[in-house]
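What follows is the residue order along each chain.
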Amino acid sequence: MQRINNSSSGRVRWHGLALVCTLSTLAQIAQLGILPPLLALILQNRGIPAAQIGVFSAAPWLMILAVSRFVPRLITNLGLVRAGALAIAASIVSVAGMAAASDFWILLAFNFATGFGLILRWIVCDLWILQIAGESWRGCAIGTHETLMGLGIAVGPGMLVATGIDGAAPFAMCAGVLALALVPLSVALQWDARPADTKKSSDGDGFFVLLAILPTALAGAFVCGFIETSAISLLPASAAGLGMSAAAAALLVTAFGAGNTLLQFPLGWLADKISCARAQIVAAIVTLVGAAVFPLAIDGDNLQAGTGVLPWVVLFFWGGAAGGMNTLAVMEASEKTGGARLVAALSTVAVAYTIGGVIGPAASGAALQIFPLHGFMLAAAVAAVAFLVVVGRRK
């Protein structure tokens, strides 16, 4: 079977989607669900300053920026199965190194190295799903995958309750979850999941070439990274500044994450029905409106206790719309590119998300300092408006 998505059997297609989603979810649980909170807690217990922990946490994303240019060629040369196996193996080696390391700088080096396995697995699974999915249900397939990615992040921290954060046990659990991800890969060896046209070189498809082809996709991925990473770190502080209790403000992140997880499938379905471009505009408008309404929702809905329903409802839909910008970016990349260029396009989408994730917290924090009450949502609104400007200029 040369290409999975050319199969006439719907059962094989769903089998393939289930396989890739299982692989990706297991890797997501370990790479982003278990490892980041585990490392942050370990460093906190060692008395490492918060600023250093922040730099430490950014290390994998800096690795992504460093190696993203080489990922398309690597996938082209290895194919999806072997590239996926390399991503998992590299992650297991990094986790094993962390378990044995005691020095901060050695731990930092291994954490930096985890970015390689993360970006490689990220692009392999996105590309694989696009190879499996037909055009008529591409959005549903991507939306399902993104939903499982959100669940993976949610499940991972809870697994640390079973092992604690001391000793080698949590690292062994993390490596074990990664090893389980090799099982669906071993099944995939029965298929030639590598598209024939990915053998073509993609060296000419640099960032700026793809920026000209996919301006709205890259802008959407940037906005998603900008808002998601900012919300996780600054949303509670912003809500507390508006008068919400500390406990209620912290729980707002849960509402944001729930929307980000549960609304990706409906958004993908919507894109299949009305087109990806229109769904992008809908998501951007909801993101903009949510940023404008949220401060009013808190002010008028049980300000002190934060027990009203409206702030959580706003954050639920806001999180789904903001997170959906990346889901739709992947869809647009698949619609406007193909073959080797699709590999480069997905890698560039990941880079745009990462750049947004690096810039977002810094820019939102500065805005919150200048405008203590509404700075965070103001920064998010500016990002959404900038995306709509890109869409307008593109048209």
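All figures in this text were calculated on a predicted structure; none of them were measured in a lab.

Student: Quick one: what's the story with the overall build of the protein chain, residue by residue and with numbers?
Tutor: Across its full length, the protein chain holds 15 helices and zero strands. Looking at the protein chain as a whole, 54% of its 395 residues qualify as buried. Put simply, of all contacts in the protein chain between residues at least 6 apart along the chain, 85% involve residues at least 24 apart. Total accessible area on the protein chain is roughly 16000 Å²; 68% of this is exposed by carbon and sulfur atoms.

Student: Run through the packing of aromatic side chains, naming residues and quoting values.
Tutor: Applying the stated criterion to the full structure yields eight aromatic pairs. Each ring, one from Trp122 and one from Tyr353, has its centre 5.8 Å from the other, and the planes form 85°; the classification is edge-to-face. Taken together, the residues span a long stretch of sequence, with Trp122 in helix H4 (residues 104-132) and Tyr353 in helix H14 (residues 339-370) at a distance of 231 residues. The two residues Trp122 and Tyr353 agree in class, both being buried. Plain terms: the ring middles of Trp318 and Phe376 are 6.1 Å apart, the flat faces sit at 85° to each other, and that makes the pair edge-to-face. Of this pair, Trp318 sits in helix H13 (residues 310-336) while Phe376 sits in helix H15 (residues 375-394), and the two are 58 residues apart along the sequence. Accessibility assignment for this pair places Trp318 and Phe376 in one class, buried.

Student: Residue-level account of the packing of H13 against H15, with values.
Tutor: Direction vectors running N to C along H13 and H15 enclose 25°, while the axes themselves pass 13 Å from each other. If you check the angle between H13 and H15, you find them roughly parallel. Once H13 is placed against H15, the crossing between them reads as left-handed. For the pair H13 and H15, contact is made by Trp318, Met325 and Lys336 and by Phe376, Met377, Ala380, Phe387 and Arg394, respectively. Residue composition of the contact of H13 with H15, grouped by class: six nonpolar, no polar and two charged.

Student: Quick one: what's the story with the confidence of the model for the protein chain, residue by residue and with numbers?
Tutor: For the protein chain, per-residue confidence averages 82 on the pLDDT scale, and 85% of positions sit at 70 or higher. Within the model, the stretch residues 195-204 combines pLDDT values under 50 with 22 contacts to residues more than four positions away or in other chains.

Student: Report on the nonpolar core, specifying residues and quantitative values.
Tutor: Counting 119 residues, the largest nonpolar core has Ile75, Trp128, Leu235, Phe294 and Trp318 as the members making the most contacts within it. When sequence neighbours within four positions are dropped, the list of residues in contact with Ile75 reads Leu80, Ala83, Leu120, Ile123, Val124, Leu127 and Val343.

Student: Before we move on, could you go through a nonpolar patch on the surface and cite the residues and values that matter?
Tutor: Nonpolar side chains collect at one region of the surface, where Val282, Val286, Val309, Leu310, Val313 and Phe317 lie side by side and expose about 480 Å² of accessible area between them. Counting residues per element, the nonpolar patch draws most heavily on H13, at three residues. Here Val286 lies in helix H12 (residues 276-299). Accessibility expressed as a relative area gives 33% for Val286, which makes it partly exposed.

Student: I'd love a proper account of helix H6 (residues 169-180), names of residues and values included.
Tutor: The terminal C-alpha atoms of H6 lie 16 Å apart, and with twelve residues this matches the ideal 16 Å at 1.5 Å per residue to within 8%. For H6, the complete set of buried residues consists of Pro170, Phe171, Met173, Cys174, Ala175, Val177 and Leu178.

Student: Account for the pattern of salt bridges, with residues named and values stated.
Tutor: In the structure shown here, the tally under the stated rule is one salt bridge. The salt bridge involving Glu332 is made with Lys336; its shortest N-O contact spans 3.0 Å. Of this pair, Glu332 and Lys336 are both found in helix H13, four residues apart, which corresponds to roughly one turn of the helix.

Student: With reference to specific residues and values, describe the environment of Ala40.
Tutor: Relative to the elements of secondary structure, Ala40 occurs in helix H1 (residues 10-45). With a relative accessible area of 25%, Ala40 lands in the partly exposed category. Between the C-alpha atom of Ala40 and that of Ile53, which follows or precedes it by 13 residues, the distance is 6.4 Å.

Student: Hey, could you go over the packing of helix H11 (residues 264-274) against H13 for me, with residue numbers and the actual values?
Tutor: Two numbers describe how H11 lies on H13: the axes approach to 9 Å, and their chain directions differ by 50°. Judged by the inter-axis angle, H11 sits oblique to H13. H11 and H13 meet at a crossing whose hand is right-handed. Across from Gln264, Leu267, Ala271 and Asp272 in H11, the residues of H13 making contact are Gly320, Gly323, Gly324, Thr327, Leu328 and Met331.

Reading the values: the criteria
- Residues numbered from 1 in each chain as written.
- Predicted model: local features only at pLDDT ≥ 70, side-chain atom pairs only at ≥ 80, totals over all residues.
- Heavy atoms only, no water.
- Helix = DSSP H or I, 4+ residues; strand = E, 2+ residues; numbered from the N terminus.
- Buried < 20%, exposed > 50% of the residue type's maximum accessible area, 1.4 Å probe, protein only.
- Contact = heavy atoms within 4.5 Å.
- Areas by Shrake-Rupley, 256 points an atom, 1.4 Å probe, with all protein chains shown as cover.
- Phe/Tyr/Trp six-rings, centres within 6.5 Å; stacked < 30°, edge-to-face > 60°.
- Axes fitted to C-alpha atoms, helices over the stretch in contact; angles between N-to-C directions.
- Parallel < 35°, antiparallel > 145°, perpendicular 65-115°, else oblique.
- Left-handed = near helix turned anticlockwise from the far one by under 90°.
- Nonpolar A, V, L, I, M, F, W, Y, C, P; charged D, E, K, R; others polar.
- pLDDT = per-residue confidence, 0-100.
- Core = buried A, V, L, I, M, F, W, Y, C linked by side-chain atoms within 4.5 Å.
- Patch = residues over 30% accessible without salt bridge, like charges linked within 9 Å, V, L, I, M, F, W, Y side chains within 5 Å.
- Salt bridge = Lys/Arg side-chain N within 4 Å of Asp/Glu carboxyl O.
- Expected span 1.5 Å × (residues − 1).

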